[in-house]
Amino acid sequence: MARGSGYVVQEGNANSDGRHGTAEPTGSQHMTVSADTSSADTSTKGVILTDVAAEKAKSLLEQQGEEGLALRVQVQPGGCSGLIYQLYFDDREVDGDAVQDFNGLSVRVDRMSVPYLSGATIDFVDTIEKQGFTIDNPNAGGSCACGDSFH
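Residues numbered from 1 in each chain as written. Predicted model: local features only at pLDDT ≥ 70, side-chain atom pairs only at ≥ 80, totals over all residues. Heavy atoms only, no water.

Enquirer: Give a description of the packing of aromatic side chains that names residues and reports values.
Expert: All told, the structure shown has 1 aromatic pair when counted by the stated rule. Where F124 meets F133, the ring centres are 5.0 Å apart and the plane angle is 65 degrees; that geometry is what we call edge-to-face. (Phe/Tyr/Trp six-rings, centres within 6.5 Å; stacked < 30°, edge-to-face > 60°.)

The structure is reproduced here in structure tokens:
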């Protein structure tokens with residue numbers, strides 16, 4: 001078991017560039033991220049979406065009312081520790097995307113993010129303390145104190 005860093009990502013409205021639910025601050029409403037460290041098995045390849053997370057994402061996707069959208073999961077440069085997660089609905093399939101299906105939900109990961117997200121588990125929690133998507137990533141070596149980024 002490797003020690004990884006997970007993140008809680010809360011839902012948000014569309015950003016100025018049309019993406020929904022990005023963890024990257026863009027000046028409009030966006031997802032917020034807070035640290036949640038736990039252990040995970042790194043032997044699994046690709047991103048893993050729990051049934052609960054898949055159902056919640058499909059529900060949010062239905063609210064968008066658009067056809068052809070998929071959940072895109074990315075890692076981008078940013079934050080205090082160097083990298084941030086982005087989750088948003090996207091209608092583009094880029095050359096080199098890793099595409100997976102989870103109970104009818106298409107999930108796309110760009111080729112640059114695949115090594116960072118291999119074995120990462122995305123879940124959805126709904127408790128009195130927090131509500132949102134969590135990412136438990138065995139590849140993350142740690143996170144910054146504010147919990148907005150990882151390395």
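Enquirer: Can you break down the pairing of strand 7 (residues 105-109) residue by residue, with the values?
Expert: Of all 5 residues in strand 7, 4 are buried; the element is thus mostly enclosed. Summarising the sheet, strand 4 (residues 70-78) and strand 7 pair through 3 bridges and their orientation is parallel. When the bridges of strand 7 are listed, R72 appears paired with R108. In the sheet, strand 6 (residues 98-102) pairs with strand 7 via 5 bridges, with the strands oriented antiparallel. In the sheet register, Q100 faces strand 7, and the bridge partner there is V107. The turn linking strand 6 back onto strand 7 is made up of 2 residues, and N103 within it adopts a positive phi angle of 50 degrees. (Buried < 20%, exposed > 50% of the residue type's maximum accessible area, 1.4 Å probe, protein only. Helix = DSSP H or I, 4+ residues; strand = E, 2+ residues; numbered from the N terminus. Pairing = 2+ DSSP bridges.)

Enquirer: Please provide a residue-by-residue account of helix 1 (residues 51-64), values included.
Expert: For helix 1, built from 14 residues, the straight-helix expectation of 20 Å at 1.5 Å per residue is met to within 8% by its first-to-last C-alpha distance of 20 Å. Those residues of helix 1 lying buried are A53, A54, A57, L60 and L61. Along helix 1, the residues classed as buried sweep out an arc of 130 degrees about the axis, all on the same side. Of the exposed residues in helix 1, the ones pointing more than 90 degrees away from its buried face are D51, E62 and Q63. At the C-terminal side of helix 1, G65 shows a positive phi close to 70 degrees. (Expected span 1.5 Å × (residues − 1). Arc of directions from axis to C-beta.)

Enquirer: So what's going on with the sheet that holds strand 4? Which residues, and what values?
Expert: On the basis of which strands lie adjacent, the open sheet formed by 4 strands has the order 5-4-7-6 and mixed pairing. At either end of the open sheet lies a strand with only one pairing partner, and these are strand 5 (82-90) and strand 6. For this sheet the average axis-to-axis angle between neighbouring strands, irrespective of direction, equals 25 degrees. (Axes fitted to C-alpha atoms, helices over the stretch in contact; angles between N-to-C directions.)

Enquirer: Outline the pattern of salt bridges, listing residues and values.
Expert: Tallied over the full model, the rule gives 4 salt bridges. Between K58 and E55 there is a salt bridge whose closest N-O contact spans 3.2 Å. Residue K58 and its partner E55 are located together in helix 1, separated by 3 residues, close to a single helical turn. Since its relative accessible area comes to 42%, E55 is described here as partly exposed. In this structure, R72 and D97 form a salt bridge, with 2.7 Å as the shortest nitrogen-oxygen distance. With a gap of 25 residues between them, R72 in strand 4 and D97 in the loop between strand 5 and strand 6 connect regions that are remote in the sequence. The pair formed by R72 and D97 is uniform in burial state, with each residue classed as buried. (Salt bridge = Lys/Arg side-chain N within 4 Å of Asp/Glu carboxyl O.)

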